[in-house]
Amino acid sequence: MGKTTEKQSFGIRDIMTIAAMMVICFIITMIIGSVTLPFPVVYLYGSAGIDGFIGAIFYLVAANRVNKHGLLFAWAAIYGLIQGVMGYMFLIPYFLVVALIAELTMIGKDTYRNPVRNRIGWTINCIGNFVGCAVPLWWAWDSYQEMAVNSGFDADTLSMQFSMATSPALMILGAVITAVLAILGTLFGQRLLRKHFQKAGIVG
Amino acid sequence: MTGEKEKQRRIEKIDGRTVLFLTVCACIVTFLSMGFVGHGIFTFWIFLILCWFGLYKQAAGCFGVYLLAIVGLILETKYQISFPSPLLLSMVYKLLLPAMPAYLLAKIPSGKLTASLRKIPIPARIMLVLIVMLRFAPTVLHEFGEVKEAMKIRGFLKSVGNVLRHPMDTMEYAIVPMVFRSLKIADELAASAIVRGIESPCKKESYYVSRIAALDWFLMAVSAGAAVCCCVL
């Protein structure tokens, strides 16, 4: 008989599973971040979506294995804490809010084994990450812009880059790209779950 | 060999909370300092701390990349060069500073780190996830290497064209064994931790003594002062 989403707290096995999946996910995020960073357009609008696409597989493995409320909250909160330790302390409360909203979408029985609910929760988390990725760019932008202007950097190039980083329409476009990639990621992840992990009996 | 022992002895002497404090100071400096001078001075201070703990190679590597990023950024903005992106260099030099004390944090034995962090008011479960992640990262990187080797031997990575033609298949071949191996290690770690009584509700004691000693006070006081000065500069 399949277990339902339990209200009890995480056991050690659950913690280890979450940590293992998060580490892989975070390493992939770092790799994607450093590969896309030289191309600001891709970094700003695409990196969160690519992370969401690949990370969905690890999230789904953890969600289907642990199947306990609080997993998505812990996932997003720990991501925020790591961002904080890496220098973006102002992002910690932001990620806690994202974590809370994402977790609220998972309310209900057996939701962590429900593909649709996982898709919704994961997509919200990824959109939150996308907006969170843009914040440091704005922050780094100020120092870069100040120095660039003082050094006589081409004003047209600067204004073009600035409008790219501040336009609400482009931000919405980025959120849509992120959501599409996150949804595709959960579809791909669900396929891998059925094909490999459920057959092997390591997830429920 | 003696050098290694001395290095380990020094690392074991420092409290996890002190290194966490250093990381927070580095975050504050990297976030608040607007000029290169203040940022550079604090990075040099962290470089010295890493050297004192015997992590010469890592300290020199980080500081070298830091200097390269700053010099690159100055040259790029002066001569209007846009590759590699100045934004990338800006992020590199800003992120390297908190990464250096974070590396020292990762070098502290997990038992000692756990004992130190238990004294900080973080929920125990979240703290445990963070510590396991810190320990798990090198294992995962090693496993990535193993999976990559296996894929090469089986001919899945024979050419870039092959990978680009079948990106989803390549990803599946890489991710599935990676997840299986990681879950196996996670289960073994969980079993080991349970056997050692991690789920016991009673108050935990540690093999390591966790207290803020004179060295910790010194490092924290100097780092806090340096952080304030570097932010003002």
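Residues numbered from 1 in each chain as written. Chains lettered and ligands numbered in written order. Predicted model: local features only at pLDDT ≥ 70, side-chain atom pairs only at ≥ 80, totals over all residues. Heavy atoms only, no water.

Caption draft 1: The overall build of chain B, seen in detail. When you go through chain B residue by residue, the secondary structure sums to ten helices and zero strands. Traced from its N-terminal end to its C-terminal end, chain B shows the element sequence α-α-α-α-α-α-α-α-α-α. Taken over 233 residues, chain B has a buried fraction of 42%. For chain B, restricting intrachain contacts to residue pairs at least 6 apart in sequence, the fraction spanning at least 24 positions comes to 75%. For chain B, the accessible surface area stands at approximately 12,300 Å², while carbon and sulfur atoms represent 69% of it. (Helix = DSSP H or I, 4+ residues; strand = E, 2+ residues; numbered from the N terminus. Buried < 20%, exposed > 50% of the residue type's maximum accessible area, 1.4 Å probe, protein only. Contact = heavy atoms within 4.5 Å. Areas by Shrake-Rupley, 256 points an atom, 1.4 Å probe, with all protein chains shown as cover.)

Caption draft 2: Molecular detail of the packing of aromatic side chains. In the structure shown here, the tally under the stated rule is 16 aromatic pairs over all chains. With a centroid separation of 5.9 Å and 5° between ring planes, the pair formed by Phe53 of chain A and Phe188 of chain A is classed as stacked. Of this pair, Phe53 of chain A sits in helix α2 (residues 40–66) while Phe188 of chain A sits in helix α7 (residues 168–200), placing them 135 residues apart in sequence. The pair Phe53 of chain A / Phe188 of chain A is uniform in exposure class, with both members buried. For the ring pair Phe156 of chain B and Tyr173 of chain B, a centre distance of 4.3 Å and an interplane angle of 25° mean the geometry is stacked. (Phe/Tyr/Trp six-rings, centres within 6.5 Å; stacked < 30°, edge-to-face > 60°.)

Caption draft 3: A look at the side chain of Asp51 of chain A. Residues and elements named next belong to chain A. Secondary-structure assignment places Asp51 in helix α2. Among buried charged residues, Asp51 stands out as having no salt bridge; its nearest opposite-charge side chain is Arg119, 18 Å away. The contact partners of Asp51, leaving out residues within four places of it in the chain, are Ile28, Thr29, Ile32 and Ala56. (Lys, Arg positive; Asp, Glu negative; His and termini not counted. Salt bridge = Lys/Arg side-chain N within 4 Å of Asp/Glu carboxyl O.)

None of the figures reported here should be taken as evidence of function without further support.
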